Amino acid sequence: MNQPLAYIDPQAKIARNVVIEPFATIHKNVVIEEGTWIGPNVTIFEGARIGKNVKIYPGAVISAVPQDLKFAGEETTAIIGDNSTIRECVTINRGTVDKHKTEVGKNCLVMAYVHLGHDCIVGNNCILGNASQLAGHVVVDDYVIFGGSCAVQQFTKIGAHSYIGGGSLVRKDVPPFTKAAREPLTYAGINSIGLRRRGYTSEKINEIQEIYRYIFLKGLNNSKALDLVELELAPSKERDEIIDFIRTSDRGVMKGYTY
């Protein structure tokens, strides 16, 4: 690792074929695995765990201490999964005593100026649009897509295969397979395009759509809607995932569609 214009702490563990561009700064207690590219002017602080074939673009700051007044210097990490791309000026803070880690999964695209607060957990195959801001303790399941400039309140959960429209303010949980938009955040249908791209059949998409017709379009409260879904619709993996997500939501889920 001969990088005369970069600062690399001798205690950092870096695979031999990692490329580190000039003016990058890498602190101790950092692990970077094979095939990763660290662009110029990237700063990687203690606790970073960066997987294989990751690309981190100029100006990004990985594993800085949390912006949390309760943080007491505990040893925590910021994890970036294999094959993920972190674009310009992204900030990813490491965890606190809550989860002890902040994590971005595999095959994710985190676009420019995104912020991931402490203890955020982002699943695999997610796309976070430019300048989206996630407060601490947010959980994002697999295959979620955020449009640009979304703002997500702390402790919010976003279900798998959902799509969040650009500029959304996300104060409530977003159930899986849905599209969320408008202000306040509202159900805008199911993410049928994303589901088709991932191999869901028309029959399965129609089944998911029927479940959400009960939940969001009949004017029922959530408890009554879920009881009817269990009573009248056939069991399936997707049905049970939706029911479990809504019933276990601490914040409550977004509003149903209204005209």
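Notes on the structure follow.

What to know about the overall build of the chain
- Looking only at helices and strands, one finds four helices and 27 strands in the chain.
- Computed over the C-alpha atoms, the radius of gyration of the chain is 20 Å, within 12% of the 18 Å expected from 2.2 N^0.38 for a compact globule of 259 residues.
- Across its three principal axes, the chain shows a C-alpha extent of roughly 65 × 40 × 30 Å.
- The buried share of the chain, taken over its 259 residues, is 48%.
- Counted over contacts in the chain with a minimum sequence separation of 6, partners at least 24 positions apart contribute 30%.
- Summed over all atoms, the accessible surface of the chain reaches about 12,100 Å², with 51% contributed by carbon and sulfur.

Section: the environment of I14
- In this structure, I14 sits in strand β2 (residues 13-14).
- We classify I14 as buried; its relative accessible area is 19%.
- Remark: the alpha-carbon pair of I14 and T85, spanning 71 residues in sequence, is separated by 18 Å.

Let's talk about the state of the cysteines
- This model, assessed by the stated rule, comprises zero disulfides.
- Counting only cysteine sulfurs, C126 is the nearest neighbor of C108, a cysteine outside any disulfide, at a range of 4.7 Å.
- The exposure class of C126 is buried, given its relative accessible area of 0%.

Some details on helix α3 (residues 222-232)
- A225, L226, L228 and V229 are the residues of α3 that are buried. On an axial view of α3, the arc spanned by its buried residues comes to 160°, and they lie on one face. Relative to its buried face, α3 has exposed residues pointing more than 90 degrees away, namely S223 and L231.
- Buried residues along α3 sit in contact with α2 (202-216) and α4 (237-247).
- If you check the start of α3, you find a side-chain oxygen 3.2 Å away from the backbone N of S223, and it comes from N221.

A closer look at the packing of aromatic side chains
- Here the structure, examined in full by the defined rule, presents five aromatic pairs.
- Judged by centre distance (4.6 Å) and plane angle (25°), the ring pair of Y187 and F216 falls under stacked. You can see Y187 sitting in strand β27 (residues 186-190) and its partner F216 sitting in helix α2, a full 29 residues away along the chain. The burial state of Y187 is the same as that of F216; both residues are buried.
- Measuring from centroid to centroid gives 5.6 Å for Y212 and F216, while their planes differ by 5°, and the two rings are stacked. Highlighted residues: Y212 and F216, both in helix α2, separated by four residues, approximately one helical turn.
- F216 sits in the buried class, given a relative accessible area of 6%.
- Linked through ring pairs, Y187, Y212 and F216 together constitute an aromatic cluster.
- It is R87 that lies over the ring of Y57; its NZ or CZ is 4.0 Å from the centre.
- The ring of Y214 has K218 sitting right over it, with the charged end atom 4.1 Å from the ring centre.

Considering the layout of surface pockets
- As a volume, the largest pocket reaches approximately 180 Å³.
- Around the largest pocket, the lining residues are I215, F216, L217, K218, G219, L220, N222, V253, M254, K255, G256 and Y257.
- Considered class by class, the residues forming the lining of the largest pocket number seven nonpolar, three polar and two charged.

A few points about the sheet that holds strand β20 (residues 139-140)
- Taken in spatial order, the eight strands line up as β2-β5-β8-β11-β14-β17-β20-β23 in an open sheet, and their pairing is parallel. Either end of the sheet is taken by a strand with one partner, and the two such strands are β2 and β23 (157-158).
- Pairing between strand β5 (residues 31-32) and strand β8 (residues 48-50): two bridges, direction parallel. For V31, the partnering residue across the bridge sits in β8 and is R49.

Let's talk about the packing of α2 against α4
- Put simply, α2 and α4 touch, their axes get as near as 10 Å, and they point 30° apart. The angle between α2 and α4 places the two elements in the roughly parallel class. Regarding α2 and α4, the two cross each other, and that crossing is right-handed. Across the interface between the two elements, K204, E207, I208, I211, Y212 and I215 of α2 pack against E238, R239, I242 and I246 of α4.

So, how was this worked out
Residues numbered from 1 in each chain as written. Predicted model: local features only at pLDDT ≥ 70, side-chain atom pairs only at ≥ 80, totals over all residues. Heavy atoms only, no water. Helix = DSSP H or I, 4+ residues; strand = E, 2+ residues; numbered from the N terminus. Rg over C-alpha atoms; globule rule 2.2 N^0.38 Å. Buried < 20%, exposed > 50% of the residue type's maximum accessible area, 1.4 Å probe, protein only. Contact = heavy atoms within 4.5 Å. Areas by Shrake-Rupley, 256 points an atom, 1.4 Å probe, with all protein chains shown as cover. Disulfide = S-S within 2.5 Å. Arc of directions from axis to C-beta. Polar contact = N/O pair within 3.5 Å; in protein donor to acceptor, adjacent residues only side chain to side chain. Phe/Tyr/Trp six-rings, centres within 6.5 Å; stacked < 30°, edge-to-face > 60°. Lys NZ or Arg CZ within 6 Å of the ring centre and 35° of its normal. 1 Å grid on protein atoms, 1.4 Å probe; cavity = no way out; pocket = protein on both sides within 12 Å on 5 of 7 lines; lining within 4 Å. Points joined across faces, edges and corners; volume = space filled by probe spheres on them. Nonpolar A, V, L, I, M, F, W, Y, C, P; charged D, E, K, R; others polar. Pairing = 2+ DSSP bridges. Axes fitted to C-alpha atoms, helices over the stretch in contact; angles between N-to-C directions. Parallel < 35°, antiparallel > 145°, perpendicular 65-115°, else oblique. Left-handed = near helix turned anticlockwise from the far one by under 90°.

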